[in-house]
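# Working through the structure, step by step
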Amino acid sequence: MKTSYHSVHQPKCGVCEKHCKSFESLREHLTGPLPKGNCSKMFAEKGCDLCMKIFDSSDAASTHKEACRLPPPVPIATILSDSAGSQNKMSSSFNGCIAADSKAVAMDCEMVGGGSDESVDICARVCLVDDAENLVFHAYVQPASPVTNYRHEVTGLTAEHLQDAMPLEEVQAKIKEILYNGEILGRVRMNSGKARLLVGHDLEHDLESLGLSYPDHLLRDTAKYPPLMKTNLVSHSLKYLTQTYLGYTIQAGIHDPFEDAISAMRLYKRMCAQVHQLEGLAINDTNYHTQSFISVFELKRQRELDKMSPDELFELSRPNYRCWCLDSRTSIQEQSNTNPWGSW
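Residues numbered from 1 in each chain as written. Predicted model: local features only at pLDDT ≥ 70, side-chain atom pairs only at ≥ 80, totals over all residues. Heavy atoms only, no water.

Summing up its helical and strand segments, the chain has 15 helices and 7 strands in all. Burial analysis of the chain (344 residues in total) assigns 47% to the buried set. Once local pairs closer than 6 in sequence are excluded, the contacts in the chain between residues at least 24 apart make up 61%. (Helix = DSSP H or I, 4+ residues; strand = E, 2+ residues; numbered from the N terminus. Buried < 20%, exposed > 50% of the residue type's maximum accessible area, 1.4 Å probe, protein only. Contact = heavy atoms within 4.5 Å.)

Note that His236 resides in the loop between β7 (219-221) and α10 (238-245). Judged by its relative accessible area of 9%, His236 is buried. Looking at His236, its side chain comes within polar contact range of the side chain of Glu24, at 3.4 Å. Other than its neighbours up to four places away in sequence, His236 contacts Glu24, His201, Leu228, Met229, Lys230 and Leu241. (Polar contact = N/O pair within 3.5 Å; in protein donor to acceptor, adjacent residues only side chain to side chain.)

Here we take up the environment of His19. Mapped onto the elements of the fold, His19 is located in the segment before α1 (23-31). A relative accessible area of 14% places His19 in the buried class. Sequence separation of His19 and His9 is 10 residues, and the distance between their C-alpha atoms is 8.9 Å.

This brings us to the pairing of strand β6 (residues 197-200). Burial along β6 is two-sided: Leu197 and Val199 and Leu198 and Gly200, pointing in opposite directions, are all buried. Both β6 and β7 contribute to a ladder of 3 bridges, which runs parallel. Bridging from a neighbouring strand, Val199 pairs with Arg220 of β7. As a crossover connection, the stretch from β6 through helix α9 (residues 203-210) into β7 is right-handed. (Pairing = 2+ DSSP bridges. Right-handed = clockwise from strand over helix to strand, strands pointing away.)

Below, the discussion takes up the packing of aromatic side chains. The final tally for this structure, using the stated rule, is 5 aromatic pairs. Here Tyr180 and Tyr214 contribute two aromatic rings whose centre-to-centre distance is 6.2 Å and whose plane-to-plane angle is 15 degrees, an arrangement assigned as stacked. With Tyr180 in helix α7 (residues 168-180) and Tyr214 in the loop between α9 and β7, this pair connects stretches of sequence that are 34 residues apart. You can call Tyr180 buried: its relative accessible area is 17%. Three or more aromatic residues joined by ring pairs make a cluster, and in this case those are Tyr225, Tyr268, Tyr321 and Trp324. (Phe/Tyr/Trp six-rings, centres within 6.5 Å; stacked < 30°, edge-to-face > 60°.)

What follows is the structure, encoded as structure tokens:
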């Protein structure tokens with residue numbers, strides 16, 4: 001247990017209850033080249049290949065699969081066209097409203113190439129959506145340095161798109177306004193307050209391209225969340241995660257930042273909605289993601305541990321990451337303090 005960091009928060013086989021480090025490991029356990037015999041048979045009959053759950057009957061599994069497989073988002077061109085009222089305003093920035101009670105926003109950036117070898121990533125377009133999948137901010141960004149490759153086959157961008165683009169400083173200010181949600185910087189860094197969670201895929205790269213930083217305890221990165229990583233804990237692409245866990249295809253041609261941001265948000269919400277046993281550690285502890293269950297064992301005297309059964313020891317275990325299900329529980333707990341019937 002001390003070596004593997006197994007915990008109730010890790011993906012688990014619905015048949016033999018084996019815990020795995022990632023959903024990819026669980027997928028190999030159920031459908032890989034050498035699957036577990038009885039588990040594989042049960043999963044084939046009653047399992048969902050998206051969320052990896054096993055149901056009581058094949059009919060229940062079929063009904064679930066219809067709801068589990070999500071439709072692709074509407075293209076951003078449709079959203080912007082409807083909002084602007086005409087195609088010729090497509091290159092202007094779009095600012096929407098975000099509900100004050102929105103707990104999280106997802107962000108995606110599109111990069112053009114800079115430098116003599118065209119390898120420098122320069123943010124040229126940014127999109128933010130809220131947890132209800134509403135577009136709250138979209139802008140073309142004035143390049144911080146000369147563009148040597150617009151990467152049109154991927155970004156769909158040309159010089160014309162960036163001709164009247166928003167200055168980087170204004171983009172930074174708008175994003176900070178959305179993320180901080182009226183909270184002062186010091187409190188955001190310490191204990192969040194009203195600041196929003198930032199969801200995305202490879203957020204460090206996006207933030208760096210925007211010249212921004214954001215506290216680690218407020219980042220929800222689908223590229224670095226252990227249950228969504230490969231068996232060797234290397235990142236999957238957002239395209240793969242969306243196809244595998246949401247059931248639709250993105251980035252088939254030109255990348256759509258609205259589509260990518262919504263896909264990251266859907267992955268986050270799917271992970272957030274998992275129901276795990278509530279453990280003893282306070283669920284609103286922002287340092288939870290840095291603590292492993294070894295420290296819990298160190299709090300117990302050895303004689304007490306020797307008396308415990310394997311199941312009792314397992315109850316003390318902690319993953320070496322912060323499970324996103326705790327975000328939902330924190331939200332529910334906050335609402336229950338003011339409204340006992342509330343839910344997120």
